[in-house]
Amino acid sequence: MKKFASLSILIIVLLSTVAAGCIGGEGTQTGTQTGGEGITLVVLTRHDVNIQVMAKKMFLQSDIAKQYNIKDVKFIKAHESLWPDYIEKGADVGWGGGPTLFDDLFKNNYLAPIEDQNVLGLIGTQIQETIAGMPMVRKGDDGKVYWIAAALSSFGFTVNHDVLERWSLPVPQGWEDIASETFAMDPPQVGIADPTRSTSNTRIYQIILQAFGWDEGWKVLTLIAANSKIYDASDAVREAVIAGDIAVGSTIDFYGYTAMKLNPSCEYIIPKGQSIINGDPIALLVNSKQKEAAQAFIYWVLTEGQKIWLDEEINRLPVNPSVFDTPEGQKRPDLKKAYESALNTQGIEFDDNKALATINSMQLYFKATLVDANQELHRAWVSLAKAYKEGKISEEKYKELKARLLEPVKFKDPDTGEIVTLTEEYAEKINDRLAKDASFRDTLMQEWRDAAREKYQSILAEVQG
């Protein structure tokens, strides 16, 4: 596995190096090239290759591309941590990756206001400002628009009914169901993704923390992780459900719809009252040298480009419902039904600013205590649940050890030397510093990792002893 991981890292580095050549490379200082051959737009994205290929082909054939002399679109799929570097070198458009990423970019002044009147004219007419209580448009204190949703997303889990039946498992309806003793088993039948590698799973964990509250939410997350196999990417979770390797996987909605298309045994479930509808943004980037052409591309994505989501290999919910009136849209009554269902989703009152204020702390704490220490966590939890089911420990002892397992990790504050826990207030206090101070981040993550492993190992020893 180490060889494959190393190869993956090498490939990512090489791809990033090649992508960097599109902007800010030797002899190139901006994100676009003009000249005799026309304009090349550079689009930063978290979208997969299918979306990139289809968008490029459709857009370059459009009247808008011809009108603005746009001859090429270069996509750069980069980890969100690399986006500021590419933006500073002159990338033109950011597209896809979720509102938390784009709000973070907005907060750090990496987004330029959208001023094209064709784009702004869509707001309130073809694109709603809010859906199911969630913003589809981000406005600054200056009243200007900094991002607009290009697609809709909900968050839940995809199940494989054949695998559930094979293991005699119930169909889960809420997050607490996959955090229960029922799913404490080997091999694990739940799949989730590392939040430092997945924006959609990051959003799922933020939803759980707000749905259940910070303290209770971490208990739910700990048990979900204890019941899970951890994947490096969210699409790997989806593929595992489709293939029948696991029974349940945490997924964004369109991964669920794709799974249902590819395997009739799969079903996407939105936990009632425990999810949200997100708008997945598109934005103009602050150092673009071709702002007019970039905004023309944004307009296309929000209108004619909405047809991309209808493709059976993509299966996303459009933000502009007028696409369902097109010939292509009339062939997707299933997506139209899903869109209408999304409008009526019973979700939580999600505070995006609150999520943003702890995003780095949440991701890294989750990574250290639930991903890096997952082997120890899984063994301790499965052994504890099994011992209780088999009557080897009393109910009182079971509750005592389970409570210890779910306690927040205690660690030493690097600045004060005091023993603390990651309260929501502490998470907010260190959030920005974690992003900027590598030494502080590494020290804390090691503290969290060591403390978590020690706790899980002590519980396992007590169960086995």
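Parameters at a glance
- Residues numbered from 1 in each chain as written.
- Predicted model: local features only at pLDDT ≥ 70, side-chain atom pairs only at ≥ 80, totals over all residues.
- Heavy atoms only, no water.
- Helix = DSSP H or I, 4+ residues; strand = E, 2+ residues; numbered from the N terminus.
- Rg over C-alpha atoms; globule rule 2.2 N^0.38 Å.
- Buried < 20%, exposed > 50% of the residue type's maximum accessible area, 1.4 Å probe, protein only.
- Contact = heavy atoms within 4.5 Å.
- Areas by Shrake-Rupley, 256 points an atom, 1.4 Å probe, with all protein chains shown as cover.
- Lys, Arg positive; Asp, Glu negative; His and termini not counted.
- Charge placed at Lys NZ, Arg CZ, Asp CG, Glu CD.
- pLDDT = per-residue confidence, 0-100.
- Core = buried A, V, L, I, M, F, W, Y, C linked by side-chain atoms within 4.5 Å.
- Bend = angle between axes of the 7 residues up to and from the residue.
- Polar contact = N/O pair within 3.5 Å; in protein donor to acceptor, adjacent residues only side chain to side chain.
- Salt bridge = Lys/Arg side-chain N within 4 Å of Asp/Glu carboxyl O.
- Phe/Tyr/Trp six-rings, centres within 6.5 Å; stacked < 30°, edge-to-face > 60°.
- Lys NZ or Arg CZ within 6 Å of the ring centre and 35° of its normal.
- Pairing = 2+ DSSP bridges.
- Axes fitted to C-alpha atoms, helices over the stretch in contact; angles between N-to-C directions.
- Parallel < 35°, antiparallel > 145°, perpendicular 65-115°, else oblique.
- Left-handed = near helix turned anticlockwise from the far one by under 90°.
- Nonpolar A, V, L, I, M, F, W, Y, C, P; charged D, E, K, R; others polar.

### Side note on the overall build of the protein
Now for step 1: The helix and strand tally for the protein stands at 20 helices and 16 strands.
Now for step 2: Relative to the globule expectation of 23 Å for 465 residues, the C-alpha radius of gyration of the protein, 23 Å, shows essentially globular dimensions.
Now for step 3: Projected onto the principal axes, the alpha-carbon positions of the protein cover approximately 75 × 50 × 45 Å.
Now for step 4: The buried share among the 465 residues of the protein stands at 55%.
Now for step 5: Contacts in the protein between residues at least 24 apart in sequence constitute 73% of all its contacts with a sequence separation of at least 6.
Now for step 6: Accessible area of the protein: about 20,500 Å², with a carbon and sulfur share of 49%.
Now for step 7: In the protein, which carries 49 positive and 64 negative side-chain charges, the distance between the mean positions of the two groups comes to 3 Å.

### Re the confidence of the model for the protein
Any residue range with low pLDDT should be treated as having predicted coordinates unsuitable for detailed reading.
Now for step 1: Across the protein, the average pLDDT comes to 91, with 92% of residues at 70 or higher.
Now for step 2: In the model, residues 24–31 has pLDDT below 50 throughout and makes 19 contacts with residues more than four positions away in sequence or in other chains.

### Comments concerning the nonpolar core
Now for step 1: By size, the foremost hydrophobic cluster in this structure holds 131 residues, and its most contacted members are Trp95, Phe297, Leu302 and Trp448.
Now for step 2: No other element matches helix 20 (residues 438–464), which puts 10 residues into this core.
Now for step 3: With 17 residues, the next largest nonpolar core counts Trp83, Leu101, Leu111 and Tyr146 among its residues.

### Some points on helix 19 (residues 424–436)
Think of an α-helix as turning once every 3.6 residues; residues three or four places apart then point the same way.
Now for step 1: Along helix 19, the sharpest kink reaches roughly 40°, centred on Ile430.
Now for step 2: Of the positions making up helix 19, those classed as buried are Glu424, Tyr426, Ala427, Ile430, Asn431 and Leu434.
Now for step 3: Residues of helix 19 that are buried in the fold lie against helix 9 (214–226), helix 15 (352–357), helix 16 (359–371), strand 15 (411–412), strand 16 (419–420) and helix 20.

### Notes on the environment of Leu284
Now for step 1: Here Leu284 shows up in strand 13 (residues 277–285).
Now for step 2: Separated by 174 residues in sequence, Leu284 and Tyr110 have C-alpha atoms that sit 8.9 Å apart.
Now for step 3: Not counting residues up to four positions away in its chain, the partners in contact with Leu284 are Asp92, Leu111, Ala112, Pro113, Ile114, Lys291, Ala294, Gln295 and Ile298.

### Quick notes on the side chain of Arg316
Now for step 1: Among the secondary structure elements, Arg316 is positioned in the loop between helix 12 (291–302) and strand 14 (317–318).
Now for step 2: A distance of 2.6 Å separates the side chain of Arg316 from the side chain of Ser153, its partner in a polar contact.
Now for step 3: Engagement of the side chain of Arg316 in a polar contact is seen with the side chain of Asp280, the distance being 3.0 Å.
Now for step 4: What Arg316 contacts, discounting residues up to four positions off in sequence, is His47, Ala151, Leu152, Ser153, Ile252, Phe254, Asp280, Trp309 and Leu335.

### Quick look at the pattern of salt bridges
Now for step 1: As enumerated under the stated definition, the model contains 30 salt bridges in all.
Now for step 2: Asp103 serves as the salt-bridge partner of Arg138, at 2.8 Å between the closest nitrogen and oxygen. You can see Arg138 sitting in strand 7 (residues 137–139) and its partner Asp103 sitting in helix 5 (residues 99–107), a full 35 residues away along the chain. Exposure class is identical for Arg138 and Asp103. Each is buried.

### Things to note about the environment of Glu390
Now for step 1: As for its placement among the helices and strands, Glu390 is situated in the loop between helix 17 (374–389) and helix 18 (395–406).
Now for step 2: Within the local environment of Glu390, its side chain forms a polar contact with the side chain of Lys392, the two groups lying 3.0 Å apart.

### Observations regarding unusual backbone geometry
Now for step 1: A cis amide bond links Asp186 with the next residue in sequence, Pro187, at an omega value of -10°.
Now for step 2: Mapped onto the elements of the fold, Pro187 is located in the loop between helix 7 (161–166) and strand 9 (190–193).
Now for step 3: Not every positive phi belongs to a glycine, and Asn69 is a case in point at roughly 55°.
Now for step 4: Mapped onto the secondary structure, Asn69 falls in the loop between helix 3 (63–67) and strand 2 (70–77).
Now for step 5: Judged by relative accessible area, which is 35%, Asn69 ranks as partly exposed.
Now for step 6: Even without being a glycine, Asn315 presents a positive backbone phi close to 60°.

### Describing the packing of aromatic side chains
Now for step 1: Tallied over the entire structure, the rule returns 20 aromatic pairs.
Now for step 2: The positively charged end of Arg316 is found above the aromatic ring belonging to Trp309, 5.4 Å away from the centroid.
Now for step 3: The positively charged end of Arg433 is found above the aromatic ring belonging to Phe440, 3.8 Å away from the centroid.

### Some details on the pairing of strand 11 (residues 248–252)
Now for step 1: Judged by how many residues are buried, strand 11 sits mostly within the fold: 5 of 5 residues are covered.
Now for step 2: Covered by surrounding structure in strand 11 are Val248, Ser250 and Ile252 together with Gly249 and Thr251, the residues of both alternating faces.
Now for step 3: As paired strands, strand 8 (residues 145–160) and strand 11 are joined by 5 bridges and run antiparallel to one another. Residue pairing across strands places Phe157 opposite Ser250, the latter belonging to strand 11.
Now for step 4: Taken together, the 2 bridges between strand 9 and strand 11 define a ladder with parallel strand orientation. Each residue of the ladder has a partner; that of Val190, found in strand 11, is Val248.

### Some thoughts on the packing of helix 16 against helix 20
Pairs of packed helices are described in terms of their axes, by the angle between the two and the distance that separates them.
Now for step 1: Packing of helix 16 against helix 20 brings their axes to within 8 Å, and their N-to-C directions diverge by 40°. Considering their axes alone, helix 16 and helix 20 lie oblique with respect to each other. For helix 16 against helix 20, the interelement crossing comes out right-handed. Contacts between helix 16 and helix 20 involve Ser361, Leu364, Tyr365, Lys367, Ala368, Thr369 and Leu370 from the former and Arg441, Met445, Trp448, Arg449, Ala452 and Tyr456 from the latter.
Now for step 2: Residues belonging to the contact of helix 16 with helix 20 are distributed by class as follows: 8 nonpolar, 2 polar and 3 charged.

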